[in-house]
Every structure is written in structure tokens, then in C-alpha cells.
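Fold and geometry: a report
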Amino acid sequence: MSAGIYIHIPFCKSRCSYCDFSTDVYRDNDAVERYVSALCSEISNYQLPITNYFETLYFGGGTPSLLSAKQLEKILHVVHDKFEFDKNIEFTLEMNPATVSLEKLKDFRSLGVNRASFGVQTFDDRALKILARGHDSNDARQTFDLLREAKFENVSFDLIGGLPNQSLPDWETNLDKALALDPEHLSLYLLEIHEGTPLAEQINSKRQP
């Protein structure tokens, strides 16, 4: 039976206006170090019997690409000590534009990361501001180029549809721009409005997003 492991990294450069995930803003490296240490301890103390090989390892969040290569390596050391993986493991790290350098991406590749889940969401700069994404469309293109330069051959784009004031032609333009970059996979989502988020408050108060 195939199985995978998901590891949550709950830190982001900024908090998106629609987000209701269990995340926090990256304020200092000490907090991240404490989380990494607690995570490693939790994995080490895991006691349930595991008899099968794992075929996938997925770091989600949050923004796992904010981790340093050394922090990721520390987690991986414990993970590989505790679990066994298929030799052809798919190892995914979620990444957001403008959170990585070429050097960091090369370090991630050297640690075995072979798939990037790339949170573009939209190429519309106005919509990115509404979503409080903390990057613009140019950042997305530049980061994608860095992924290719670092030899990432499996990149998945995340795009969100149904954004405030988004028309069908707007959505088609997003798809065209994503396809022009030729990623290996597209993940398409509809925007969900969750109570308590800044975007929900804007919509409920009938303020123009």
C-alpha cells in the first residue's frame, strides 16, 4: 500500500487576507528554531508501528521555503532515521515567490527535494495586493526561472480562481501566463471565504476589496 508523509511548517513572510490556516508570520529565526527542535522531538518519539515504505514526503504550510537548508537538513535527518522511503521518492517542498535564492534552491535540491509546489495564485498584481500575498507577478516569474536554473524538473503551479472582481478573461489570462512558463503540473483552486479573515471582513462590510 502506498503512503506519504506530510510535515507542516507554519511560518509565512506575511499572512494572506484569505488565509485561515494554522500559520504565523515569520518574525525571528529563534521561533523557527524552537519549532524545528519540537518537530524533530515529536518525530523521534513517534511510536506507532510503520511497516511499509513511504513513496512521498511533502513539506507544506505556511511557507516551508523560508526554512534554511540547515533547518531542513535537521528535520530530514530525523525523518530518515525514523521512516523508510522508496528509492524513487517524490519529495515536495511548498515555495512562494521571493522567498528563495538560487543558492538556497540548489541546497534544497542537494537535500533531495525534487518537486516544487509553487504558490503563484495569480499573475494579476492588483489581485495579489487584495490577497496580501507579499509578492508581485514579476517575483513569480523570476522565482520560476531560479527553480529551472537550480534543476527543478517537476514544478506545480497553484492558481486561485473566483477572486474578487475577477472576470472569465482575467482567469484565462492567468492560465495562459502559467502555461507559457511550461510547469509540469497546475493545481487550480476556487477562492474560499472564511469568517474571521481580513478578506471576509472586507466583503461582509461591503468595502471594495
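The coordinates are above.
This write-up is about the structure you can find in this document. Given the structure is predicted, the values throughout are model-derived calculations rather than measurements.

1. With respect to helix 3 (residues 102–110)
Taken together, the buried positions of helix 3 are occupied by Lys-104, Leu-105 and Phe-108. Down the axis of helix 3, the buried set is contained in an arc of 100 degrees. They therefore lie on one face. Across helix 3 from its buried face, at more than 90 degrees, point the exposed residues Glu-103 and Ser-110. Residues of helix 3 that are buried make contact with helix 2 (69–82), strand 5 (85–95) and helix 5 (137–149). Positive backbone phi, at 105 degrees, marks Gly-112, one or two positions downstream of helix 3.

2. Side note on the layout of surface pockets
Sizing a probe to match a water molecule and rolling it over the atoms shows the empty space that remains. Of the pockets and cavities examined, the largest pocket occupies roughly 700 Å³. Lining the largest pocket are 31 residues, with Tyr-18, Phe-21, Gln-121, Arg-133 and Asp-158 sitting closest to its centre. Among the secondary structure elements, those contributing two or more residues to the lining of the largest pocket are strand 4 (54–61), strand 5, strand 6 (115–121), strand 7 (155–161) and strand 8 (185–190). A total of 3 residues in the lining of the largest pocket trace back to one element, the largest contributor, which is strand 6. Taken together, the residues of the lining of the largest pocket break down into 13 nonpolar, 11 polar and 7 charged. Within this model, the second largest pocket holds a volume of roughly 150 Å³. Along its surface, the second largest pocket is lined by 11 residues, and Ile-5, Tyr-6, Ile-7, Tyr-46 and Phe-83 are the ones closest to its centre.

Rules and cut-offs
- Residues numbered from 1 in each chain as written.
- Predicted model: local features only at pLDDT ≥ 70, side-chain atom pairs only at ≥ 80, totals over all residues.
- Heavy atoms only, no water.
- Buried < 20%, exposed > 50% of the residue type's maximum accessible area, 1.4 Å probe, protein only.
- Helix = DSSP H or I, 4+ residues; strand = E, 2+ residues; numbered from the N terminus.
- Arc of directions from axis to C-beta.
- Contact = heavy atoms within 4.5 Å.
- 1 Å grid on protein atoms, 1.4 Å probe; cavity = no way out; pocket = protein on both sides within 12 Å on 5 of 7 lines; lining within 4 Å.
- Points joined across faces, edges and corners; volume = space filled by probe spheres on them.
- Nonpolar A, V, L, I, M, F, W, Y, C, P; charged D, E, K, R; others polar.

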